[in-house]
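Structural description and commentary
Residues per chain, in single letters:
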Amino acid sequence: RPSFLRSSPHCNDEKKRKMHFSIPDTSEVEDESGRFTTYNIYTNGAFHCSVRYSQLLQFSEDIKKEFGTEGLTPFPRKKLKFLKLTPMEMSERREMLEKYIQSVSQVPQVARSALFTSFFLSAQQEAAQQEAEAVEIDIYLAHGNKQSLYVMSTDQTEDVLEAFCRKIKLQDDFVYYFALFLMRVHEDGSEEMIRKVQDFESPYISLKELSEDYRIVLRKWYWDPAYDDDLWTDSVALNLMFVQVCCIVTALFLFVCLSVQFWNAFISFILVCLFSESGRGRRENFKID
């Protein structure tokens, strides 16, 4: 990855980079091995995966072996198999697991590790019951144009990003100046930025779990305008920046126009009320276009 990912003020702002993990509830699952509880993990309010306590326990052991336990919330102890947890104990374990996952995600060297990425990527695949297969996924640019890309259904975000950038012939040096984002398109055509697609998830699976009004969009991934100068040598990067800027300018122009129209109408309404007969105005003759 380019050096700006380590030096950019935006990328070093941990509060902006972190995902919020939560485990708001559990599920009871039954298969040939018996009945067991799974913990439903959400990222920024969106469901990501369901995992068993034993999976999280193994994950914590791997984290401890590779990174130690400094800065991490204690992992809840394992209870003897023949002792069933009470509802209160189950709730306490869920809260402790949530705090543990949150603390793990807040340690940069852990959250960026292959161990962290592989665990949550595999858990997402297992929860979605997604087998590895060749699939087609649409990647949109800022102005709404899209290109179809053939990937594996279990490819993580980095793989999809790199494959798409190769397809549009973006120089390798500039790939990670951009990122994939999840956006929602409303009925009126307006777009809502939901979140960045994280490295520990499969864009295909994440998109498949949502409704048709969601899409994956390629946009720039830095705040410092000084890095814009790096892109002047690549025509593809310039085009990507150009269409994104055009979309921003268009949205601002429409916002200003609507704001001006609103204030003109509001001022006209006040004037009519102030200067009409009896100070109350003849509202039956008043109309806002």
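For the structure itself, consult the block above.
Criteria and cut-off values
- Residues numbered from 1 in each chain as written.
- Predicted model: local features only at pLDDT ≥ 70, side-chain atom pairs only at ≥ 80, totals over all residues.
- Heavy atoms only, no water.
- Pairing = 2+ DSSP bridges.
- Helix = DSSP H or I, 4+ residues; strand = E, 2+ residues; numbered from the N terminus.
- Axes fitted to C-alpha atoms, helices over the stretch in contact; angles between N-to-C directions.
- Contact = heavy atoms within 4.5 Å.
- Buried < 20%, exposed > 50% of the residue type's maximum accessible area, 1.4 Å probe, protein only.
- Parallel < 35°, antiparallel > 145°, perpendicular 65-115°, else oblique.
- Left-handed = near helix turned anticlockwise from the far one by under 90°.
- Nonpolar A, V, L, I, M, F, W, Y, C, P; charged D, E, K, R; others polar.

**Describing the sheet that holds strand E2 (residues 34–43)**
The three strands are arranged E1-E2-E3 in an open sheet whose pairing can be described as antiparallel. Looking at strand neighbours, the two that pair on one side only are strand E1 (21–31) and strand E3 (46–52), the edges of this open sheet. Taking each pair of neighbouring strands and ignoring which way they run, the sheet shows an average axis angle of 30°. By the bridge criterion, six bridges tie E2 to E3 in an arrangement that is antiparallel. Residue Tyr-42 lies in a different strand from E3, and its bridge partner there is Phe-47. Across the sheet, helix H5 (residues 87–105) lies against E1 and E2, angled at about 125° from E1, the strand it touches most.

**Looking at the pairing of strand E6 (residues 178–185)**
Burial analysis of E6 places seven of its eight residues in the buried class, which makes it a mostly covered element. As paired elements, E6 and strand E8 (residues 214–220) share seven bridges and run antiparallel to each other. Paired with Leu-182 across the bridge in E8 is Ile-216. In this sheet, strand E7 (residues 191–196) lies alongside E6 in antiparallel orientation, the contact comprising five bridges. Bridging from a neighbouring strand, Met-183 pairs with Met-193 of E7.

**What to know about the packing of helix H4 (residues 53–67) against helix H7 (residues 114–128)**
For the pair H4 and H7, interaxial distance at closest approach is 11 Å and the crossing angle is 165°. In terms of their interaxial angle, H4 and H7 are classed as roughly antiparallel. Considering only the axes of H4 and H7, their crossing is right-handed. Residues Gln-55, Leu-56, Phe-59, Asp-62, Ile-63, Glu-66 and Phe-67 of H4 touch H7, and the partners they reach there are Leu-115, Phe-116, Phe-119, Phe-120 and Glu-126. Partitioned by chemical class, the residues of the contact of H4 with H7 number eight nonpolar, one polar and three charged.

**Quick notes on helix H8 (residues 157–167)**
Side chains of residues three or four places apart in an α-helix project in the same direction, reflecting 3.6 residues per turn. Among all positions in H8, only Thr-157, Glu-158, Val-160, Leu-161, Ala-163, Phe-164 and Cys-165 are buried. Each element contacted by the buried residues of H8 is listed here: strand E4 (134–140), strand E5 (146–152), E6, helix H9 (203–208) and E8.

**Remarks on the sheet that holds E4**
Ordered in space as E5-E4-E8-E6-E7, the five strands form an open sheet in which the pairing is mixed. Because the sheet does not close on itself, it has two edges, and the strands there are E5 and E7. Neighbour-to-neighbour, the strand axes of this sheet turn through a mean angle of 45°, independent of strand direction. Bridge count between E4 and E8: two bridges; the pairing is parallel. Residue pairing for E8: Ile-139 is matched across the bridge by Ile-216. The strands touched by H8 within the sheet are E4, E5, E6 and E8, with E5 carrying the most contacts at an inclination of about 130°.

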